[in-house]
Every structure is written in C-alpha cells, then in structure tokens.
Amino acid sequence: MMNTSPSRDPGSTTKIILIAPLSGPLVPIERVPDPVFAQKMVGDGISIDPLDQCLRAPCDGEITQLHPAGHAVTVTTPQGIEVLMHIGLDTVQLKGVGFTIQVQLGDAVKTGDALIDFDADYIATHAKSLLTQIVIANSERVAAFAPRTGQVISGQDTILELTLAGSSAEEVVEAAKAVKTLTSEAIVIPNPTGLHARPAAVLANLAKKFKADIRLRKGDQQGNAKSVVAIMGLEIGHGDKVTVIAKGDDADAVIETLTPLLWEGLGDEGCQPAPAPASVEVSPGAAPAPRPRSEDPNLLIGVAASPGLAVGEVFQIRHEEIHIPEEAEGNPQQERSRLDAAVNEANAQLEALQARLHGERAADKAAIFAAHQELLDDPDLLDIAHSALAKGKSAEFAWQRAFTTHADRLASLRNELLAARANDLRDVGRRVLILLIGAEPERQEPPLNAILVAEELTPSDTASLDRSKVRGFCTTLGGATSHVAILARSLDIPAVAGIEPRALELENGTPVILDGGKGTLRLNPTPEKIAQIRETQERLAIRRQAEMAVAHEPAITLDGHRMEVVANIGGLAEAEQVASLGGEGVGLLRSEFLFLERSTAPSEDEQFETYKSIIEALGPDQPLIIRTLDVGGDKPLIYLPIPKEENPFLGERGLRIGLDRPQILRTQLRAILRAADLGKVRVMFPMVGLLSELRDAKAMLEEERQRLGAKPIEVGIMVEIPAAAIMAAQFAREVDFFSIGTNDLTQYTLAMDRGHPKLAPKVDGLNPSVLRLIAWTVDAAHAQGKWVGVCGGIASDPQAVPLLIGLGVDELSVSLPTIPSIKAQIRALWLHECKELARRALTLETAAEVRIATPAPSF
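Throughout what follows, the structure given in this document is the object of discussion. Fair warning: this is a prediction, and the values are worked out from it, not measured in the lab.

## A short note on the nonpolar core
Residues Phe685, Phe738, Ile774 and Leu812 are the most contacted members of the largest nonpolar core, which totals 89 residues. By residue number, the principal contributor to this core is helix H22 (residues 768-783), which donates eight residues. In contact with Phe738, not counting residues within four places along its chain, are Ile717, Val719, Ala728, Phe731, Ala732, Thr777, Ala781, Trp787, Val788 and Gly789. Of all hydrophobic cores here, the second largest spans 65 residues; its members include Val32, Val42, Leu203 and Ile434.

## Description of the packing of helix H17 (residues 662-675) against helix H18 (residues 691-708)
Pairs of packed helices are described in terms of their axes, by the angle between the two and the distance that separates them. Two elements in contact, H17 and H18, have axes separated by 9 Å at closest approach and are oriented at 55°. Classified by the interaxial angle, the pair formed by H17 and H18 is oblique. Our pair here, H17 against H18, has a crossing hand that is right-handed. Along the contact surface, H17 presents Pro662, Leu665, Arg666, Leu669, Arg670, Leu673 and Arg674, while H18 presents Met700, Leu701, Glu703, Glu704, Arg705, Arg707 and Leu708.

## Thoughts on helix H13 (residues 527-549)
Between its first and last C-alpha, H13 extends 33 Å over 23 residues, near the 33 Å set by a 1.5 Å rise per residue. Of the residues making up H13, those classed as buried are Ile533, Thr536, Leu540 and Glu547. Against the buried residues of H13 lie strand S23 (309-316), strand S28 (511-515) and helix H24 (819-827).

## Considering helix H15 (residues 604-618)
If you check H15, its first and last C-alpha atoms are 21 Å apart, about what 15 residues at 1.5 Å a residue would give, namely 21 Å. The set of residues buried in H15 consists of Glu604, Gln607, Phe608, Thr610, Tyr611, Ile614, Ile615 and Leu618. Down the axis, H15 shows its buried residues gathered within 165° of arc, on one side only. Packing partners of the buried residues in H15 comprise strand S31 (562-569), helix H14 (572-578), strand S32 (586-590), strand S33 (623-627), H17 and strand S34 (680-685). Taken from the residues just after H15, Gly619 is the one with a positive phi, measuring 105°.

## With respect to unusual backbone geometry
The phi torsion at Lys95 lies on the positive side, around 55°, for a residue other than glycine. Position of Lys95 relative to the elements: it lies in the loop between strand S7 (82-86) and strand S8 (99-101). One non-glycine residue, Ala751, adopts positive backbone phi at about 55°.

Scoring rules and cut-offs
- Residues numbered from 1 in each chain as written.
- Predicted model: local features only at pLDDT ≥ 70, side-chain atom pairs only at ≥ 80, totals over all residues.
- Heavy atoms only, no water.
- Core = buried A, V, L, I, M, F, W, Y, C linked by side-chain atoms within 4.5 Å.
- Buried < 20%, exposed > 50% of the residue type's maximum accessible area, 1.4 Å probe, protein only.
- Helix = DSSP H or I, 4+ residues; strand = E, 2+ residues; numbered from the N terminus.
- Contact = heavy atoms within 4.5 Å.
- Axes fitted to C-alpha atoms, helices over the stretch in contact; angles between N-to-C directions.
- Parallel < 35°, antiparallel > 145°, perpendicular 65-115°, else oblique.
- Left-handed = near helix turned anticlockwise from the far one by under 90°.
- Expected span 1.5 Å × (residues − 1).
- Arc of directions from axis to C-beta.

Written out as structure tokens, the structure is:
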C-alpha cells in the first residue's frame, strides 16, 4: 500500500503514498475552519471527516511526536517526512478526555497500525469539529502534493501522494558555519494549553523567515523552532520557561522578533501579554474624568464598603512614578548581587513589620507580610529575574519584569482571593524596587484624625494602617465586594469605595466626614455637624459595648420571629472568633484557603484535619457549611490548569471546575464526609447553573459516601447565577437548602463587573431586580419546606437586613465583626414592618430608591 523504499522517477525524485488513517469523506485542507490549518501554517495536507473512531498509521515509520492530550501524533517516514495527524479542532482543550493512545514515543509502526482510539460522540459535542487533519510538517521537503477526493476507507485507499526532491541530508549544513550565536532571556509561556499545534505552527512559520538556525530550549531539551513537530515534541506547557537560541548572521533579528511574540502567546486565544516597560508607575495617579453624582458640591458619593462614621482631615496617598534603567551599568554578577541585597533587605523590613504588629487580629495582619516573604523567595520569580540579568538587563528592569509578569496574570482572575494576590505581589515588588533605586522608603505618615484618600489601596496598606491616626479611608476604584473592602470590614475601619474621582483633587487637611454605612464623604462640615457626629460616635461606642454584652442571645424580632446569624470565614483563625462574637455557626467556609500558595493540591487527610480543627473551634453542635473549591479562569492554581478565557465570568468556574477535574472534587468530598462524623457539617456547591451539574455532583458525593460508609449529609447550592434563582422550584426538589451569594448574583443580573473601576459603584445588591430574584428563590424554597440563607455582602449591610427578613430569608451569614450589631438590629425590628419594606422595595426602580426608602439604623 505504501512505497516503504524510495522509488525513483526519471527526474531523481522520490514518491511517498499515504493511506487513509480513517474512513470518511476527504476535505481539502483549505476548507478546514481553522486558519492555522487552512492557511497551511502547520503544513500542506488533507482533512478527513471521520466515520470511525480509530486513527491508524498512514505509512510505515516511527512515532516521533505524541501529544500528552492524546489528540495529535506524528509518524516520520524513513525518508524523514513528518506526517502530523491532528484529531479534531481545539481538541487540546479536552486535556486527554475522549482519547486512548495505543502507541509510545519511539515505536516503529506499519501502515494500518492503530495509533489512537477516540470517542467521536464526546469529541463532537465538546470540541469545535471532528475534522482530522493529515499534514506534512516539513512541507518544504515536498516538491508536489497530489491529494485525492471523495470517500476513503481506512487502511485501504490513498489520500495523498507526495513527490520529494533532493536529499534531506544535504540541506542542513550551513547553520553550523554561523558566525554568531545568541540566547534570549527566559520566557514564561502564557498560552493556556502550552505550545500546541496552533501556536507551534505560528512560531515555526515565523522562524522560517530567518536564515539562522533557531532552537527552542526547555530545560535540558532543545527542538528545531522551524519544525512544528519538534516544538510540539518539547511538550511545552502553560507557565513553562523557554529560551530561544539563534545561530547565524541574523541572530539579533531572531531574538528581537521572537522573544516578545512568545511573551504575548503567539496570538493564541486567551493569552494576555506580559508587559515589560522600562518604567513602572507603582500607583497611577490619573483618574477618570470627574462626573458629579450629587448636586451638593460638598457631598461626594461612593459605595458603602465598611460601615462606621469617621471625622477627620483629608490625607492623600500618592506614589510617584518610578523610572528604571533597562540596561545594566555593571556586569551580570554585580547586578545579581544588587538584587540579592535588595531582596534580603526587603525580607528584613517585612520581619520588622511583623514584629511591630500588635492588638486585635495582629496574627491576621502579620500573615499578609509573611505571605510577602514567601513571594520574595518564589523560585519562578527569581528565575525570570536572573535570566534577564544574564542578558545585560539592570537589576531594576529584571525585577520589574519578573513581578509584573506574574501580577498581571493574577490581576485578571475573577476569584477575589486569588486576584487579590496581584496587589500583594505589586506591594512586595515595589518594596524591592525602591531599595534598588536607592530612594527613601515611602513614608507617607498620616497626621492625627486622617481620612485617607487614594485611587487604590492594597490589602497590606489596609492591614498596616495606624488606627491611632487613621479614622477611615476612601478609594476611587473598587466596590463593596473588593478584597480591600472585605479586609476593612474585618478590621472595623470605616471605608467608602468607588468615590467620585474629584476626591483625588482635595487638598490635604480638608475637613471631612466619612460615612462608611451610607458610602458618602461630606466636605467642609460645620462645627455643629462635627460635634453632632462626635456625639454619634460616642453613642456608637456605647452601643457596641451593649451589643457585645448580649451577643450570645438569639436574634429574635420584637414579634417573636427567630433569625439565625452565622459567620462567613476563611480559615481556622476566624473560626476561633465565631463563638466569642455570638455567631451561631458558620454559613460559609471558603475552602479556597486550603488550596492557595502551594504547588500541589491538599491531600484528603490534610483537608480532613483542617475541617476537624474548625469543628472543634466551633463546637460539634454548631452548623458548618463548607463550600467546595471555587476557582476559575487563567490557571489560577499551579496544579489545576484552567485555560484563559475571553470572559472567565462565563466560563469554567466553581462546580464546573470540580466536575471537569473530578479527582480534586472527590478528594475534597471525602474529607468533608469524614469530618461530618464529628459535627453538624453541610456541603455547598458554588456557581451552579444547571440541574445536570448539581445531579452530577450529588452522584459523585453519594459514590464517595458509599465507599467510605459515611452517614448522609445535607447538600445545598449557592444561588449566584440568575438561572438558579429562576429555576429555584426545580432546584429545591434536589437540595436541602439554598445560600444566596448576592455579590455574584448582582453582577450577573446587572451584567456589571464588580471589580470594574467605573461600574463597581453601580453594582448594588439592593437593586430591585436582585431583590426580586431573592424573593423568587425564597418563595420556591419555602413551598417545598427548604430554608434559605444569604451569605453575600448585603447580609452584613444594615440597610439590607430588614429587607432580607421581610423577603423571608431564614439565615444571615455575615462578616465576623458585624455579628453582634446585626443580631442587635434584628432584635429591634418588627417582622410585619420588614415585610412592608420589602413589598415596597420590589416596586421601586433603582437601588438608590430602595436605600432612600429603607431607613438606616439610627445611633
């Protein structure tokens, strides 16, 4: 069927005949709906629309490339022709599911031998297309292609006749005589699924434009950058570090051209370039165009981020732009010594900062700086920096490239706990950068009674505030659900987010009143107003003492309606505070804390021990609702590859990740089931939008329960997708409870990103559309005897509490510091009045109208 030995034509050419590896109709390569194949960037060839499910060898040869995802394989003929077969389009995204590899790298195969079995039904429903491409990766070796047409039968019919010219061994020698050899800096691959066929083809085509011999190196391995097969054979994955080696007169142009393109992902979908500017603006000062939201020139409006009143004077927090040199003045060793010294000094500063921390929640604040120290020791960060130093870059430039590369990727994540790490990384990066340039550390010491105003504060800025001087803060960026806002609430600091940008124009010393509960900043208040506020603050302090004194009493309205008030927590340290603050259990344990800052997933035993410790801290009779891992987008965890997506909000998130990576979810479910023997444990699945997702998760839970012989546990879902709220009646038949995540529910309902600098102030959970979804959910659940909690930000919002009670919510899961005040507020309410407030709110048009119609608690 194939000419296994070269056959000569009169013109000294060799012909090779390829036999159909699959049965089905042939499709011209130009008609494949993928420009990489249609434009022959991988190579010339042909496509088959398969009717069977076993890919067979089209010729005799050796397996020289086998993609770990199982969707692509290369057979190299005795003449050196590389026959690449690629099953389907975008099938690399399936990560091996649906493929069974029958051969190994280096195997000798004969025409018709089985190479890969595949599940055509699964691939057809999960990939872009089943079309299978057979292309010649080193098409420059082929003088003529003669593709066939029509239907073919696997192992019998010819699909392609190749005419070769010349000898492969005679075409490779000139590069060895090259006069110049250059190596690029280390490049971190941003492509979500690594250098698979598409980006490999782009790179190979670019490389072929140069005369130089070009090699791509990963670790100890090298491959010809002009060969798609060689590139794919390196199995370069997301986050791998590679270098480009160019040998020839145009080596300079090779490095200058390919290096930035590799950094940017070679145009692969979902990649975000990793910028490397010669200067860094540590905290940009430019603000959006002012747009007053109030007719009162002395009133600036933002979003309530952390409740409380503060009287003081404006103190602007600004960072000057730091200019850094790109090229080094000294040699690489001198620059490395400078960087090492700066990193060591930064470590010492962080040690000193931790030592100075004291008072309530000191351990939590110290943990932020301990995490910064871990970042300073991150081997990937230092590897990238050291690589740039070896290329003659300055220590400042090398360090800036390293930390911004990682920070920009983290910043694009939608999971708050993960994305917040970008601010931490920029913090520690800025600290080292300042030490390198020899500038004095930024000592913007606020005066007494300061109200900080900034475009943005980092979590560590917030955690390290001197409360003896700082009364509160406001930022122009962010919203009520940002990481900084959550931290401010945990530290009991009044804060407003998304304040009007003209706040940045206020002079230092301007007298102001910050109302964190209403989200306002009052300028130039009268002495009488200031005196009134100070009296309010004194009453508030007395009130807090009174609330703490009765914190352990139940939250029962004046007409006898009982509400359960529980805590949102993110670890053992917070669990240990729940009882002392009057919490009646935990309504949301964010289990992500177990999975962060590590290179492998936590084991079943490790998770079990943590859950056990939390149960012991709460007491066995207190409820503990554990939300399963909730991550998504841009491979946020090293050991959990998640491709970048154009819109991570609408991609793989929450439970979808667990179902797609069942081993992660199964391990966590086993740990939860074991812990349930020790206390009142419930499991809750996040981001559920389809009944089929819930049923798959419940089936998985039941399988693990039976394997362990464990007792059944209650199952609930987060209602944070509008579809779940609308389908609440159907979901209620499948679960024991609902917990409404109003942060995500609000942004999905309004189609507004809660982290968007301009839209965040409009993302308010008291929008009537959100309240209607809550009412719908509660009614559907109660109709089937199921209870409903709210664990989103509005559960801690005093203005929202009476509305939620009036809508029929059974449980409020709130931030730790607000537990005593929320319970005290409930004891002062009448259920019938709450119902009337809720009824009116559902008839209004905007969140602002709802807030006006709902009186805030008086102090």
